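Fold and geometry: a report
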Amino acid sequence: YLHRVDRRQRQMCIRDSYSEEIRRMKEAKVQPFVTLFHWDLPQYIQDSGGWLNRSTVDRFVTYARKCFDLFGPDVNRWVTFEDPQQFVWKGYGLGTNAPGFCSNRTFCAQGNSDTDPYIAAHNILNAHFEVYDLYYLEFQNAQKGEVGIALNADWPEPFTSTEILTISRHLEFLLAWFSDPILIGGQQHGEYPTSMRETIGSRLPTFTTTERERINGSIDFLGLSHFTSYYVRSGVEPDAVGWAKDRATTILYEKNGIPIGPRGDSDWLYVYPEGLRNLLGWIHDRYSPIPIYITKSGYDVPNEASLSKEQAMNDSLRINYFDAYLRELVQSVNTDQINVVGYFIWTFLDGFEWEEGYSKRFGLVHVDPQNDFARTPKNSYNWYKEIVRSHKQYVPGVSPNGLVIGMIILALLVFIVLIFLIAYFWKSGSPQFETVA
């Protein structure tokens, strides 16, 4: 329908659609978190240079202002960018995602893997702090909301005990590329990691003095997208180019023929729950305390897309994944005192997973593309619903009902012990139980 109407009508339809979604969420007492950019740049902006063009920063600010104006009264949490490292590297370094830029001319018509990812990332970070400042100058006083950014990071487990320093280098190129300019204080505020500046040199853009001041501290919360872990060791991977070559670390999913954990359907997803706690600890140690939301975390059951609907309902492996990762998350909060304030599963519905389409299934709800996209809750949906419903009583690894039963049994045991103690002391004539006249 939308392609048959003029631009103004399309804008009104889109506005009304999002307004209705937000209204329904609030009616259901669901707090909306709105992501402004999740890799979908309008084609006409890409045609004029996309994220390689500084003018895209200004266009993004104009777009954000419209969103704040239209939806801000009902939205209190805004995410400027979702997983920027992913779309910058895949889109401007490997060419596997839009816009399909890379140095390999047998695969990409244009692009430079050695420079384009860094230019695009630099413009994205400028767009982020411009939008943050915009919100606080024009909207925050009335709307009382917060603005953050969501960054992706896997945990790099050292391949050997001598690879401890490799962890930091890997995470500096993966995560701190975006988080250091925002969160590092002191003399290094508003700067990229030292390891990146020393390795990349003039290919890495620099912030002006004014930009350094503005980007530093430009978030109210940090979003973290985390699914998996792998082993790392120092050394450049074979055929690595651009950012991956500069990083100079090698990713391995197994050691001595043994995988780091059970594999999901995606060839990059291995279950390693302690990696989440380790990653949160690294962030906590590097930066001043800041509220953290786990904005994406999930598991695709092996071969689920080829299973019948009835078989797909029994997704116990997905339940095991969430249960194990929530255990580690609770340890991070309670034992390590890390300020994690929210957890978002990926994902509610089986979604269109970019180049993978519907072949990878992450949803708690089964979606059938061949049957008018019919939706059917899986077992993980009902499990997670109970976790959310009774979250105040949730102890990872114990169902809410099991916890209640356990507490009743414990109370009965305590009661029985007290009865025996009272009987014993009474019989022995203990003065503790003598009647006072």
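Residues numbered from 1 in each chain as written. Predicted model: local features only at pLDDT ≥ 70, side-chain atom pairs only at ≥ 80, totals over all residues. Heavy atoms only, no water.

Re the overall build of the chain
When its secondary structure is counted, the chain shows 15 helices and 13 strands. Looking at the 437 residues of the chain, the share that counts as buried comes to 47%. Long-range contacts, defined here as pairs at least 24 residues apart, represent 68% of the contacts in the chain between residues at least 6 apart. As displayed, the chain has an accessible area near 22700 Å², and 54% of this comes from carbon and sulfur atoms. (Helix = DSSP H or I, 4+ residues; strand = E, 2+ residues; numbered from the N terminus. Buried < 20%, exposed > 50% of the residue type's maximum accessible area, 1.4 Å probe, protein only. Contact = heavy atoms within 4.5 Å. Areas by Shrake-Rupley, 256 points an atom, 1.4 Å probe, with all protein chains shown as cover.)

A short note on the pairing of strand S4 (residues 155-158)
Side chains Trp155 and Glu157 project from S4 onto one buried face, and the interleaved Pro156 and Pro158 project onto a second face that is buried too. When S4 meets strand S6 (residues 229-234), the two strands line up parallel, connected through four bridges. Following the sheet pairing, Pro158 is matched in S6 by Val232. (Pairing = 2+ DSSP bridges.)

Thoughts on the pairing of strand S10 (residues 292-296)
Within S10, five of the five residues are buried, which leaves the element mostly enclosed by the surrounding structure. Pairing of strand S5 (residues 221-225) with S10 involves four bridges; the strand directions are parallel. From the neighbouring strand, Leu222 faces S10, where its bridge partner is Ile292. Where S10 meets strand S11 (residues 340-343), three bridges bridge the pair, whose relative direction is parallel. Of the residues in S11, the one forming a bridge with Tyr293 is Gly342.

Details of the packing of helix H13 (residues 316-334) against helix H14 (residues 379-389)
A pair of packed helices is captured by two measures, namely the crossing angle of their axes and the spacing between those axes. Axis separation between H13 and H14 bottoms out at 9 Å; the angle between their running directions is 30 degrees. Judged by the inter-axis angle, H13 sits roughly parallel to H14. Across from Arg318, Ile319, Phe322, Asp323 and Leu326 in H13, the residues of H14 making contact are Asn379, Ser380 and Trp383. Split by residue class, the contact of H13 with H14 holds four nonpolar, two polar and two charged. (Axes fitted to C-alpha atoms, helices over the stretch in contact; angles between N-to-C directions. Parallel < 35°, antiparallel > 145°, perpendicular 65-115°, else oblique. Nonpolar A, V, L, I, M, F, W, Y, C, P; charged D, E, K, R; others polar.)

Observations regarding the confidence of the model for the chain
Averaged over all residues, the pLDDT of the chain is 89; the fraction at 70 or higher stands at 88%. Residue range residues 397-415 is modelled with pLDDT below 50. Its contacts to residues more than four positions away, or to other chains, number eight contacts. Residue range residues 417-437 is modelled with pLDDT below 50. Its contacts to residues more than four positions away, or to other chains, number six contacts. (pLDDT = per-residue confidence, 0-100.)

Some details on the state of the cysteines
Among covalent bonds in proteins, the disulfide is the one between the sulfur atoms of two cysteines. Inspection of the entire model under this criterion finds one disulfide. Residue Cys102 pairs covalently with Cys108 via a disulfide, S to S 2.0 Å. Judged by the sign of its S-S torsion, about 105 degrees, the cystine formed by Cys102 and Cys108 is right-handed. As far as burial versus exposure is concerned, Cys102 and Cys108 are alike and both buried. (Disulfide = S-S within 2.5 Å.)

Considerations on unusual backbone geometry
For the bond from Ala98 to Pro99, the omega torsion is 5 degrees, close enough to zero to count as cis. Secondary-structure assignment places Pro99 in the loop between helix H4 (84-94) and helix H5 (116-138). Cis geometry is adopted by the peptide bond preceding Thr347, which originates at Trp346 and carries an omega value of 5 degrees. Phi is positive for Trp354, which is not a glycine, with a value near 50 degrees. Here Trp354 shows up in the loop between S11 and strand S12 (365-368). The backbone of Asp372 sits at a positive phi, close to 55 degrees, despite the residue not being glycine. Residue position: Asp372 is located in the loop between S12 and strand S13 (374-377).

A closer look at the sheet that holds S5
If you trace the six strands from one edge of the open sheet to the other, you get S1-S2-S3-S5-S10-S11, paired in parallel fashion. Across the chains shown, the open sheet's two edge strands, defined by having one partner strand only, are strand S1 (33-37) and S11. Taking each pair of neighbouring strands and ignoring which way they run, the sheet shows an average axis angle of 30 degrees. Alignment of S1 against strand S2 (residues 77-82), held across four bridges, turns out to be parallel.

Looking at the packing of aromatic side chains
For any pair of aromatic rings, geometry is given as the distance between the ring centres together with the angle between the planes. Across all of its chains, the model carries 41 aromatic pairs by this definition. Ring geometry for Trp51 against Phe81: centres 5.5 Å apart, planes inclined by 70 degrees, an arrangement best described as edge-to-face. Taken together, the positions of Trp51 in the loop between helix H2 (43-47) and helix H3 (55-71) and Phe81 in strand S2 put the pair 30 residues apart, joining distant regions of the chain. Pair check on accessibility: Trp51 and Phe81 agree, each one buried. Ring plane angle 35 degrees and centroid distance 6.3 Å describe the contact between Trp383 and Tyr384, whose orientation is recorded as tilted. Each member of the aromatic cluster is reached from another via a ring pair, and the members are Phe37, Trp39, Trp51, Phe60, Tyr63, Phe81, Phe87 and Trp354. Across the ring face of Trp243, the terminal group of Arg247 is positioned such that the distance to the ring centre comes to 5.0 Å. Between Lys255 and the ring centre of Phe159, over which it is positioned, the NZ or CZ distance is 5.6 Å. (Phe/Tyr/Trp six-rings, centres within 6.5 Å; stacked < 30°, edge-to-face > 60°. Lys NZ or Arg CZ within 6 Å of the ring centre and 35° of its normal.)

Regarding the packing of helix H11 (residues 274-286) against H13
Two numbers describe how H11 lies on H13: the axes approach to 7 Å, and their chain directions differ by 30 degrees. Taken as axis vectors, H11 and H13 run roughly parallel relative to one another. Where H11 crosses over H13, the two elements pack in a sense that is right-handed. The residues of H13 that touch H11, namely those facing Glu274, Leu276, Arg277 and Leu280, are Tyr325, Glu328, Leu329, Gln331 and Ser332. Here the residues of the contact of H11 with H13 sort into four nonpolar, two polar and three charged. (Left-handed = near helix turned anticlockwise from the far one by under 90°.)

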